[in-house]
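# Fold and geometry: a report
The residues making up each chain are set out below.
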Amino acid sequence: MIINDLNLIAPIQKALKSEGYTNPTPIQEMAIPRLLEGHDLLGCAQTGTGKTAAFAIPILQGLSYEQRATQGRRQIKALIVAPTRELAIQIGESFRTYGTNLNLKTLAIFGGVSQHPQTKGLLRGIDILVATPGRLLDLIRQKFISLKQVKYFVLDEADMMLDMGMITDVRKIITYLPQERQTMCFSATMPYQIAKLTDAILKNPVKIKITPVVSTVDIIKQEVCFVDKGNKTNLLIGANISTNLYN
């Protein structure tokens, strides 16, 4: 399959072509058509499988159609919740890249920095919000954010949020969302609490599981040493000394 087979609108195809995209990854090939049909989705996929494009492209296409039929101030129609500042920034950049030929505004918000540039962006109006849970809840409470118009909701790296103690915040965020929406959840693993959460928020989801291709960095040399238990420490000490001598 090639990108042109995914039934994407011309502005998105043009953006993908300019980025050198020709063939979709397995998760993109399986997810994009079903998401364009409006299904909820549960993806078991790690970073590096192309999952950001798998959910960003259908959201952008859906919003582009809706935008033609709506007037007035921009309102948040898509919400992507991610566990870290770095991931939120990365996802926001991906939306801007794939949607460069669309008249849609994306904003990433996260804690650890002043909220003022973020609240200014919110007040100007946006279509797509990428957020970490804590900052999102904080700005909801301050009345800077309303999620009443959200049509697309993505929970990314759900198991990482569980490990970081964010699930309670995620559950609170969900209470602010409308019942009628398209929901996508991605998680590298599926512990009990995440499975329970997805069962509660997804409606008859398409389920996709992707195993990434594991490869080593070319400049790393790998060797195997067989050694008895009593000499493991001496071997590690010797290897460390040798490494330092060559650095």
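Below or above, wherever it landed, is the structure these notes cover.

Rules behind the numbers
Residues numbered from 1 in each chain as written. Predicted model: local features only at pLDDT ≥ 70, side-chain atom pairs only at ≥ 80, totals over all residues. Heavy atoms only, no water. Axes fitted to C-alpha atoms, helices over the stretch in contact; angles between N-to-C directions. Helix = DSSP H or I, 4+ residues; strand = E, 2+ residues; numbered from the N terminus. Parallel < 35°, antiparallel > 145°, perpendicular 65-115°, else oblique. Contact = heavy atoms within 4.5 Å. Phe/Tyr/Trp six-rings, centres within 6.5 Å; stacked < 30°, edge-to-face > 60°. Buried < 20%, exposed > 50% of the residue type's maximum accessible area, 1.4 Å probe, protein only.

### A few points about the packing of helix H8 (residues 167-175) against helix H9 (residues 192-201)
- As a packed pair, H8 and H9 sit with axes 12 Å apart at the nearest point and diverge in direction by 0°. Regarding the angle of H8 to H9, the classification is roughly parallel. The segment H8 lies against H9, with Ile-167, Val-170, Arg-171 and Ile-174 engaging Gln-193, Ile-194, Leu-197 and Ile-201.

### What about the packing of aromatic side chains?
- By the definition in use, this model includes three aromatic pairs.
- Measuring from centroid to centroid gives 5.9 Å for Tyr-21 and Tyr-98, while their planes differ by 65°, and the two rings are edge-to-face. Separated by 77 residues along the polypeptide, Tyr-21 in the loop between helix H1 (10-18) and helix H2 (26-36) and Tyr-98 in helix H4 (residues 85-98) bring together distant segments of the chain.
- Here Tyr-98 falls in the buried class, since its relative accessible area comes to 6%.
- Consider the rings of Phe-55 and Phe-95, whose centres lie 6.2 Å apart with planes at 40°: the pair is tilted. Here the residue Phe-55 occupies a position in helix H3 (residues 51-69), and Phe-95 occupies one in helix H4, the gap between them amounting to 40 residues.
- On the basis of relative accessibility, which here comes to 1%, the residue Phe-95 falls in the buried class.
- Ring-pair connections join several aromatic residues into one group, and the members of that group are Phe-55, Phe-95 and Phe-186.

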